[in-house]
Structure formats: structure tokens, C-alpha cells
Amino acid sequence: FISKLGIRPVEIWSYSRLNMRYTVLSKRKLKWFVEEKRVDGWNDPRFPTVQGVMRRGLTVQALRQFILSMGASVNENMMSWDKVWAMNRGIIDPIAHRFLAVDATEKCPLILTNFNEDTPDSVGGKTSKQNQLHPKDKSIGFKTTPLHEQIWLEMNDAKIIQEGEEITLTRWGNCVIDRIEKDANGTPSKVTGKLHLTGGFKGTKNKLTWVAARPEEDMKCVDVVAVEFDQLITKPKLDDGDELMDYLNNNTRAESRLIGEPGLRNVTVGQIIQLERRGFYRCDENNCSNGGAIVLFNIPTGRAKSMSSVGNKIDSTKKR
């Protein structure tokens, strides 16, 4: 028939549906999540919709790479999100701006007793320093990092350091711990130390994140809400006969309150950044200019071990 009419032959390609582990793809079931208010809408970061995964931090380039790597197969397949997020990490890692932040509710002060000394090991009371936005690429630009004689450390970090130990303060330099004061429960309440900026970071065991406790409006820390997500269901694949209600995950969103360096005020909605030692994040809201907080959505990396070295509230690595 086609040859008789002299028209272009039609090629028909058949391929199977792409299935993802721990993911509901049925529009009927996804609609139930929306109607029951278990998600914020069709663009919720926990949803497998295009808007949803992009709001969580997946780039168009990574999505395209993943689909092209799959090809058109007639065999039914079940893929893990790890591959998608690993591809995404390769794209965002070279360009994501780096920032420092610590837990707002679990922090400990470190007093630098030689902060005002004008010596090679100290800063002579300088209020700030210039740091690269990306440690491996100067062309991305620089940021102003405030300095102060009192800085905040993660409480978990304060618990593991020892008196007499030399530590590295990320993007600043070394510091020697002189004294650690503890409360009645044995929890560190105050740490005292001296800057040792001529020291080498390769010889230190603990490399810690910190933020300066400066009071000035333009240099004080900003409030950060870091949001983590988990899968909506607890079974890799729902079989025929399985009831959705039997496999609902009731702990799919967790928030952490942080304080971050003031450079976070300049982060735009949709921008992907990295909080050092915590992971990659996509900015969903930034209300810092109005005295509010910046809301960051954690981006998975596809690694079996969490990127964060200061703790997560949701362990998504248990589902592979």
C-alpha cells in the first residue's frame, strides 16, 4: 500500500515502559498523594514528574544523558535512581558554589585568643577574607567570608576534638585547641584555641566547617532551612494485588535549621550550591532580604555512602 502510493515508509519502534525503584508512576496513584495532601502538589520534589525531579535538583542535561544511555528496549526494566543522580552530580559538581553552614540548634563557640595579633599565624583582627566560590575554579568568582574572634562549630565536631589537637578550619587555616570546657553532662560548652595559619592542612585529622559570629547586619549569619526527602513507598516495586496503603512511607520529609555564611543571601531561586560537608542543594526559596530564611532542597548524589559528614535526618541510602 505504501509503495503503491510512493510515500515514505513508516518505521514503528516498540519499547517498554521505564520503571524506577521505590517509585509510583501510575497517574491515578500519584493523584491520590496530591488529593490526600501527602505531597505539596504535582511539582513536589518527591514526585517522579519532570517538574518534581527538577525542583529537587535534577538538571536537564542529566535527565537527557540518562534517557540516551537507556536506549529503546522492549524488555521490561527496573532502574535505580542512583544512576540518574550520579550523572547529575558529575554535571553540578564542577559549577556549584561552595558555602559554609553549621547546625543552628547544636553548635559550640570557639574563641580564638590570638585573633587580633598581627603575626603570620593570625589575621591581625581582619574582619573578612576573600575565598573562591569553587576551590578548583577561580574563574567562577569569589565571595567575602567574615572572620571573628568567636566562631561557631558543629557540636558533633566539638565532641570529637581534643585539647592540644591541631585542626583545620575549612577555607581559612589551622587552629590549635587549647581548652575544652564542658557542662555537667560532659557536653562541650566552650572551646578555646589559637590560630596557626602557617600550619599545613595535610597533617590534620579533623577538617571542620564553621561560621563567624559577627554582629553586623551585612556580615552576620543567615538562617537556613535544609530539607531532605525520602521515597514515598517502602517497596521497590508494587506487584499486582499490592495495596498502596500497606507500603506508604510516613517519613519522607525532614528539615534541619542551620546558620550559614552571609554569602548565601546572593543565591538565587533554582541555583544549585554545595554546603561543605553536607551535600548539594537547590535553592527553592530565598527570603534573606526580608529577614527570613533561605530554603534549600538536598540533592541525592547516587552514592552508597551519604556525602554528609555531619549527619542526616533521613538515610535514603538504605534503599538502593
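Refer to the structure above for everything that follows.
The model shown is predicted, which means the values in this text are computed figures rather than measured ones. (Residues numbered from 1 in each chain as written. Predicted model: local features only at pLDDT ≥ 70, side-chain atom pairs only at ≥ 80, totals over all residues. Heavy atoms only, no water.)

Asks: What's the story with the side chain of Ser 16 in this structure? I'm lost.
Replies: Turning to its location among the elements, Ser 16 is positioned in the loop between α1 (2-5) and β1 (18-20). A distance of 2.7 Å separates a polar side-chain atom of Ser 16 from the backbone oxygen of Asn 75. Apart from residues no more than four positions distant in its own chain, Ser 16 is found in contact with Ser 73, Val 74, Asn 75, Glu 76 and Asn 77. (Helix = DSSP H or I, 4+ residues; strand = E, 2+ residues; numbered from the N terminus. Polar contact = N/O pair within 3.5 Å; in protein donor to acceptor, adjacent residues only side chain to side chain. Contact = heavy atoms within 4.5 Å.)

Asks: I would appreciate a short explanation of the packing of aromatic side chains in the present structure.
Replies: Geometry of an aromatic ring pair is reported as the spacing of the ring centres plus the angle between the planes. All chains considered together, the criterion is met by six aromatic pairs. Aromatic pair Phe 33 and Phe 47: ring centres 6.4 Å apart, planes at 90°, arrangement edge-to-face. You can see Phe 33 sitting in helix α2 (residues 27-35) and its partner Phe 47 sitting in the loop between α2 and α3 (50-56), a full 14 residues away along the chain. Seen in terms of ring centroids, Trp 172 and Trp 210 are 5.0 Å apart; in terms of plane orientation they differ by 40°. Their pairing is tilted. In this pair, Trp 172 sits in the loop between β9 (166-169) and β10 (173-182) while Trp 210 sits in strand β13 (residues 210-212), placing the two residues 38 residues apart along the sequence. One exposure class covers both Trp 172 and Trp 210, and it is buried. Geometry around Trp 152 places Lys 107 over its ring, the cationic atom sitting 4.7 Å from the centre. (Phe/Tyr/Trp six-rings, centres within 6.5 Å; stacked < 30°, edge-to-face > 60°. Buried < 20%, exposed > 50% of the residue type's maximum accessible area, 1.4 Å probe, protein only. Lys NZ or Arg CZ within 6 Å of the ring centre and 35° of its normal.)

Asks: For this particular structure, what's the right way to read the pattern of salt bridges?
Replies: A pair can form between side chains of opposite charge whenever their charged atoms are brought close. Counted under the stated rule, the structure contains 18 salt bridges. Residues Asp 284 and Arg 55 are paired through a salt bridge, measuring 3.0 Å at the closest nitrogen-oxygen approach. Of this pair, Asp 284 sits in strand β17 (residues 279-286) while Arg 55 sits in helix α3, and the two are 229 residues apart along the sequence. The residues Asp 284 and Arg 55 share a single accessibility class, namely buried. The residue Arg 277 makes a salt bridge to Asp 157 at a minimum N-O spacing of 2.8 Å. Placement of Arg 277 in the loop between β16 (272-275) and β17 and of Asp 157 in helix α6 (residues 155-160) is noted, with a sequence separation of 120 residues between them. As far as the burial class goes, Arg 277 and Asp 157 line up, both buried. Each member of the salt-bridge network shares a partner with another, and the members are Asp 40, Arg 253, Glu 255 and Arg 257. (Salt bridge = Lys/Arg side-chain N within 4 Å of Asp/Glu carboxyl O.)

Asks: What should I look at first to understand the nonpolar core in this one?
Replies: Note that soluble globular proteins tend to have their nonpolar side chains buried in a common cluster. In terms of nonpolar packing, the biggest core is built from 26 residues, with Leu 110, Leu 169, Trp 172 and Trp 210 touching the most fellow members. Those elements that provide at least two residues to this core are β5 (107-112), β8 (150-154), α6, β9, β10, β11 (188-196) and β13. Not counting chain neighbours up to four residues away, the residues in contact with Trp 172 comprise Leu 112, Phe 115, Val 123, Lys 129, Leu 147, His 148, Ile 151, Leu 195, Leu 197 and Trp 210. (Core = buried A, V, L, I, M, F, W, Y, C linked by side-chain atoms within 4.5 Å.)

Asks: Please clarify how the sheet that holds β5 should be interpreted in this entry.
Replies: Strand pairs in the sheet, formed through backbone hydrogen bonds, run parallel or antiparallel to each other. Here seven strands make up an open sheet; going across it, the order is β12-β9-β10-β11-β5-β8-β13 and the pairing mixed. Either end of the sheet is taken by a strand with one partner, and the two such strands are β12 (207-208) and β13. As paired elements, β9 and β10 share four bridges and run antiparallel to each other. Note on β10: the bridge partner recorded for Leu 169 is Gly 173. (Pairing = 2+ DSSP bridges.)

Asks: Just to check I follow, could you spell out a nonpolar patch on the surface for this structure?
Replies: On the surface, Phe 1, Ile 2, Leu 5, Ile 7, Val 10 and Ile 12 cluster together into a nonpolar patch covering about 680 Å² of accessible area. Structurally, Val 10 is set in the loop between α1 and β1. On the basis of relative accessibility, which here comes to 59%, the residue Val 10 falls in the exposed class. (Patch = residues over 30% accessible without salt bridge, like charges linked within 9 Å, V, L, I, M, F, W, Y side chains within 5 Å. Areas by Shrake-Rupley, 256 points an atom, 1.4 Å probe, with all protein chains shown as cover.)

Asks: Which parts of the structure should I look at to understand the sheet that holds strand β4 (residues 101-103)?
Replies: Pairing in this open sheet of seven strands is mixed, and the strands run β3-β16-β17-β18-β14-β15-β4 from one edge to the other. The two strands at the open ends of the sheet, each matched to only one other strand, are β3 (97-99) and β4. With direction set aside, neighbouring strand axes in the sheet form an average angle of 40°. Where helix α5 (residues 81-92) meets the sheet, it contacts β16, β17 and β18 (294-299), and its direction lies at approximately 125° from that of β18. (Axes fitted to C-alpha atoms, helices over the stretch in contact; angles between N-to-C directions.)

Asks: Could you clarify how one ought to interpret the packing of helix α4 (residues 60-70) against α5 in this entry?
Replies: When two helices pack together, their arrangement is given by the angle between their axes and by how far apart the axes lie. Running from amino to carboxyl end, α4 crosses α5 at an angle of 135°, the nearest separation of the two axes being 9 Å. If you check the angle between α4 and α5, you find them oblique. Crossing of α4 against α5: the hand is right-handed. In this structure, α4 contributes Gln 61, Ala 62, Gln 65, Phe 66 and Ser 69 to the contact, and α5 contributes Lys 83, Val 84, Met 87, Asn 88 and Ile 91. Of the residues assigned to the contact of α4 with α5, the class counts are five nonpolar, four polar and one charged. (Parallel < 35°, antiparallel > 145°, perpendicular 65-115°, else oblique. Left-handed = near helix turned anticlockwise from the far one by under 90°. Nonpolar A, V, L, I, M, F, W, Y, C, P; charged D, E, K, R; others polar.)

Asks: Which parts of the structure should I look at to understand the environment of Met 245?
Replies: Tracing the backbone shows Met 245 in the loop between β14 (222-229) and β15 (253-260). Of the residues examined, Met 245 reaches a relative accessible area of 52% and is grouped as exposed. C-alpha separation for the pair Met 245 and Ile 233, spaced 12 residues apart in sequence, amounts to 9.1 Å.

Asks: Would you mind going over the pairing of β16 with me for this structure?
Replies: Every other side chain in a regular strand lies on the same face of the sheet, so the side chains alternate between the two faces. Across the two faces of β16 the burial is the same, with Ile 272 and Gln 274 and Ile 273 and Leu 275 all buried. Sheet topology places β3 next to β16; three bridges connect them, and they run parallel. Considered in β16, the bridge of Phe 99 is made with Leu 275. When β16 meets β17, the two strands line up antiparallel, connected through four bridges.

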